[in-house]
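Here's the letter readout for the chains.
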Amino acid sequence: MNKKPNVGGQAVIEGVMMRGKTHVAVAVRQPDGEISVDVRPVNSISDRYPILKKPFLRGVVSLVESLVMGMKALAYSAQVSGDEDEKLDSKEMALTIAVSAGLAILLFIVIPTWSMRFLTGITQDHMALNLAEGVLRMAIFLAYIAAISSMNDIQRVFQYHGAEHKTIYTYEAGLPLKVENVRPFSTLHPRCGTNFLMIVMLISMFIFTFLGWPSLWERIASRIILMPVIAGVSYELIRYAGAHTDNPLVRIAITPGLLLQKLTTRQPDDSQIEVAIASLKAVVPPEDLAQEDDFRDPLLKELFLQLQSGVSAASLVENQSDEVVRARVSHLLMAQSGESTDQMLQMAHDCLSRMRLKRARAQYDEIMKRIKTLSGAEKMQALDEAKQLTATINRLK
C-alpha cells in the first residue's frame, strides 16, 4: 500500500487550515452555521528552486511559508467568522508578520539573555549563564502557553486544534472521513507545531550553551542568526519522529511535546470535527480518501495498516502507547478476544484481498468497454493493461 502524503494543519478562528501536497484550504464555521471553504494552490518557492527541498533547507522554507499561510488563514477566518469586517491587504499582512516576529524576538531572545545580567554576580561561567538563559526562555514559553490556554476564545481555537489532529489521524489510518470515525482518535499528534516549538527550545538551549558570553548585542545577533539552523534541524527531527512513532527512543523524545499539547488542544465537538473534515477533504485527492466499502470493519483496516508499515503482530498486542494503535487495535483485541493473533491477521489480509479483487474486476470491466472504441497503439496499451489485471484477479481469487 502506498504511503499517504503528509498533511499538516493549523487551527484558526472558528476553523481549521489544512495543507496538502498541492493545495491549502481554510474551512471556517460561519455565523449562520454553514462552512466556508477557501482553497488555494500552495505555490511553494521550493517548487521553483528544488535545492530548497534538501534536508535542513526545507525546514527553514517550511517555517517561513507556514508562518505566512498561517497569518493569511487567521485573517480569512476572522473575516468569515464575523470577528473582523475588513480584509487585510498585503502591506497590512506584512506589517502584522513583522510585528509578530519582533515581539517573539523580544520575548524569547532579548529578555532572557538580558536578564542574565542579574546572575553575573553569582557566576561567570559562560556555559552556566547560557544554560540559565535557556531555562528562563523555556519558562517564559511555558508560562505564555499556560496563560493563553485559560482564555475562552483561545480554548475554542484549541478545540479546533484537537479536531485537526483527530482528522489527520483518521486520514492516516485509512478510514473514511466521517465524524464517528474521527471522534475516537487522540488530540495529540507527533508532527504538531507545538512539538516543533518544544524541540526548537530544547535544541537552542543545547547549541547556545557553547557560544561563549560576548556582549549583549552580539548574543542577541548570534541567536537570531542561528534560528534558521535550529529550525532546519528541528524540522528534520519532527519528520523523523512522525514516521517512526513505534520507536521507543522516538516516543521518549516526543513526550515533552505531546505533554505540552495537553495545553494547546482540547476535545472538539462534532460540529468542529465537521469543519476539520471539510478542510482536509479540500486538499486531498479523492482517490486518496478511504471509501465506505474499502473495509467494512475499520478496526481490521487499522490492524492491516499497522502491519503493512512493518509493525509486528506481537508489537500490536503489546504496544498500547502508539496513538493509532491505542484508539483502534486495543478495541479489536477486546472485541475479538476469542480469536488468536494469527486468525486476526488472516482476517485482515482476507479483507484486503477482497477489496483488491473488487477493484481489479471493476478496472478490467472498464478497460474492456473502452477497448471497443480504441485502435492502434492505444488499443495495444489497453490490452496490456487488461492482461495485467487478469493476472492480478487470478492471483487474488
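Structural data are supplied above this passage.
What counts and how
Residues numbered from 1 in each chain as written. Predicted model: local features only at pLDDT ≥ 70, side-chain atom pairs only at ≥ 80, totals over all residues. Heavy atoms only, no water. Helix = DSSP H or I, 4+ residues; strand = E, 2+ residues; numbered from the N terminus. Polar contact = N/O pair within 3.5 Å; in protein donor to acceptor, adjacent residues only side chain to side chain. Phe/Tyr/Trp six-rings, centres within 6.5 Å; stacked < 30°, edge-to-face > 60°. Buried < 20%, exposed > 50% of the residue type's maximum accessible area, 1.4 Å probe, protein only. Pairing = 2+ DSSP bridges. Axes fitted to C-alpha atoms, helices over the stretch in contact; angles between N-to-C directions. Contact = heavy atoms within 4.5 Å. Parallel < 35°, antiparallel > 145°, perpendicular 65-115°, else oblique. Left-handed = near helix turned anticlockwise from the far one by under 90°. Nonpolar A, V, L, I, M, F, W, Y, C, P; charged D, E, K, R; others polar.

Some points on the environment of E180
Okay, so step 1: Its location among the elements puts E180 in helix α6 (residues 179–182).
Okay, so step 2: Once the C-alpha coordinates of E180 and D270 are considered, the two residues, 90 residues apart in sequence, prove to be 8.7 Å apart.
Okay, so step 3: Polar side-chain contacts of E180 include one of 3.1 Å to the side chain of K178.

Description of the packing of aromatic side chains
Okay, so step 1: Applying the stated criterion across every chain yields a total of five aromatic pairs.
Okay, so step 2: Ring geometry for F108 versus F141: centroids 6.2 Å apart, planes at 70°, classification edge-to-face. Of this pair, F108 sits in helix α3 (residues 90–115) while F141 sits in helix α4 (residues 126–148); the two residues are 33 residues apart in sequence, bridging distant segments of the chain. The pair F108 / F141 is uniform in exposure class, with both members buried.
Okay, so step 3: Look at F206 and F210: their rings are 5.2 Å apart centre to centre, the planes differ by 70°, and that puts the pair in the edge-to-face class. An identical accessibility class is assigned to F206 and F210; each is exposed.

Digging into the sheet that holds strand β4 (residues 35–41)
Okay, so step 1: The four strands lie next to each other as β1-β2-β3-β4, forming an open sheet whose pairing is antiparallel. Every interior strand has two partners, whereas the edge strands, β1 (8–12) and β4, have only one. For this sheet, the mean angle separating the axes of adjacent strands, direction not counted, is 15°.
Okay, so step 2: Against the sheet, helix α2 (residues 57–80) contacts β1, β2 (15–19), β3 (23–29) and β4, and its axis sits at roughly 40° relative to β1.
Okay, so step 3: Across the face of the sheet, helix α10 (residues 270–283) comes into contact with β2, β3 and β4 while running at roughly 155° to β3.

Some details on the packing of α3 against helix α8 (residues 216–243)
Okay, so step 1: Packing of α3 against α8 leaves a shortest axis separation of 10 Å and a crossing angle of 140°. Of the possible angle classes, the one that applies to α3 and α8 is oblique. Along this stretch, α3 crosses α8, giving a crossing that reads as right-handed. Counted together, I105, I109, V110, T113 and W114 of α3 and L216, R219, I220, R223, I224 and M227 of α8 form the full contact between these two elements.
Okay, so step 2: Residues that form the contact of α3 with α8 fall into these classes: eight nonpolar, one polar and two charged.

Details of the side chain of E236
Okay, so step 1: The topology assignment puts E236 in helix α8.
Okay, so step 2: A relative accessible area of 14% means that E236 is categorised as buried.
Okay, so step 3: Once residues lying within four places of it in the same chain are set aside, the contact partners of E236 are P55, F56 and R58.

Shape descriptors only; they carry no functional weight alone.
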